[in-house]
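Structure at a glance
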Amino acid sequence: MTIRVLVVDDQPLIREGLRKIFEVSSDLDVVGEAADGRGAVAQARRLRPDVVVMDVRMPVLNGIEATRQVVELSPAPRVLVLTTFQLDEYVFGALRAGASGFLLKDAPPEHLIDAVHTMACGDAILDVAVTRSVVERFGRTPEPDPTVSHRLAALSPREHEVLLLMVDGRPNREIAETLFVSEATVKTHVMAVLRKLELRDRIQAVIFGYESGLVCPRRQA
């Protein structure tokens with residue numbers, strides 16, 4: 001299966017470099033490019049890529065708002081955010097807007113290729129330590145939300161346990177070992193949690209866990 005990729009960055013040299021990286025993989029097809037967020041939304045609507053590789057700091061329309069609009073399309077592509085800094089409020093904004101993960105711009109080419117393949121399969125790019133650090137540093141203080149308790153009430157006790165472990169960044173294998181069940185069972189629980197809470201992927205589950213007050217952030221200095 002060919003994976004359709006849209007590359008978005010305001011610097012032509014970076015766009016060209018990303019294109020060359022992705023063209024190494026025979027099943028990746030760079031179907032288009034955009035130099036700003038507005039162009040990204042227009043191209044995503046027209047070209048229907050599977051994955052959008054998105055810079056967050058761009059003119060006209062930044063990557064946060066562009067991500068928000070792109071993931072509302074139908075069918076919705078996955079968004080991989082590229083950033084210069086790990087701990088960045090723009091990264092957090094993009095994750096809250098619906099991005100399924102992020103990588104540093106200086107990541108090895110093979111990591112970029114693997115990330116696109118992972119996202120095309122419907123999974124998120126979840127670096128536990130970095131994602132948690134971003135959420136804890138830039139996440140907002142939980143506000144009363146009457147829908148949260150209602151949404152959590154839809155989960156079974158086992159699904160609630162799985163959610164807490166997901167928020168802690170545990171992969172399915174570790175969740176299975178902790179709960180003494182099979183990975184297949186964990187996968188079923190994870191899918192049920194995401195469906196019941198109306199979350200797109202594990203990244204969104206981490207953010208939900210912190211912003212709902214389910215987990216208390218450890219604020220960094």
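The structure reproduced in this document is the subject of the present report. (Residues numbered from 1 in each chain as written. Predicted model: local features only at pLDDT ≥ 70, side-chain atom pairs only at ≥ 80, totals over all residues. Heavy atoms only, no water.)

1. Section: the overall build of the chain
To keep it simple, the criterion reads: Helix and strand definitions follow DSSP, with helices as H or I runs of at least four residues and strands as E runs of at least two, each counted in order from the N terminus. The buried label goes to any residue with under 20% of its type's maximum accessible area, the exposed label to any with over 50%, and the partly exposed label to all in between, with areas taken from a 1.4 Å probe on protein chains only. Note on contacts: a residue pair is in contact if any heavy atoms of the two residues lie within 4.5 Å. Only the protein chains shown count as covering a residue, and every accessible area follows the Shrake-Rupley method with a 1.4 Å probe.
Secondary structure summary: the chain contains eleven helices and five strands in total. Per-residue burial over the chain gives 48% buried out of 221 residues. In the chain, of all internal contacts separated by at least 6 residues, the share reaching a separation of at least 24 is 69%. Surface accessibility of the chain: about 10,900 Å² in total, with carbon and sulfur atoms responsible for 52%.

2. Let's talk about the sheet that holds strand 4 (residues 78-83)
For the record, the criterion: Between any two strands, at least two bridges found by DSSP are needed for them to pair. Only the stretch in contact is used when a helix axis is fitted, and all axes are lines through C-alpha atoms; the angle between N-to-C directions ranges over 0 to 180 degrees.
Spatially, the five strands line up as an open sheet ordered 2-1-3-4-5, and their pairing is parallel. On the outer flanks of this sheet lie strand 2 (28-34) and strand 5 (102-104), each paired with one strand and no other. Sheet twist, expressed as the average angle between the axes of neighbouring strands with direction ignored, equals 25°. Judged from the five bridges that link them, strand 3 (residues 51-55) and strand 4 form a sheet pairing that is parallel. Note on strand 4: the bridge partner recorded for methionine 54 is valine 81. Packed onto the sheet, helix 5 (residues 109-120) meets strand 1 (3-8), strand 2, strand 3, strand 4 and strand 5 and runs at close to 155° relative to strand 4.

3. Here we look at the side chain of serine 100
To be explicit about the condition: Between N or O atoms, a polar contact is any pair within 3.5 Å; within protein, one atom must be a potential hydrogen donor and the other a potential acceptor, and residues adjacent in sequence are included only when both atoms are from side chains.
As for its position among the elements, serine 100 is in the loop between helix 4 (89-97) and strand 5. Judged by its relative accessible area of 0%, serine 100 falls in the buried class. Engagement of the side chain of serine 100 in a polar contact is seen with the side chain of arginine 78, the distance being 3.3 Å.

4. What about helix 3 (residues 63-70)?
So the rule is basically this: Note: the arc covers the axis-to-C-beta directions of the helix.
Three or more residues of helix 3 are buried, namely Gly63, Ile64, Ala66, Thr67 and Val70. For helix 3, the buried positions fall inside an angular range of 165° around the axis, keeping them on one side. Buried-residue contacts for helix 3 involve helix 2 (37-47), strand 3, strand 4 and helix 4. Measuring from the side-chain oxygen of the N-cap residue of helix 3 to the backbone nitrogen of isoleucine 64 gives 3.0 Å; that N-cap residue is asparagine 62.

What is shown is where atoms sit, not what they do.
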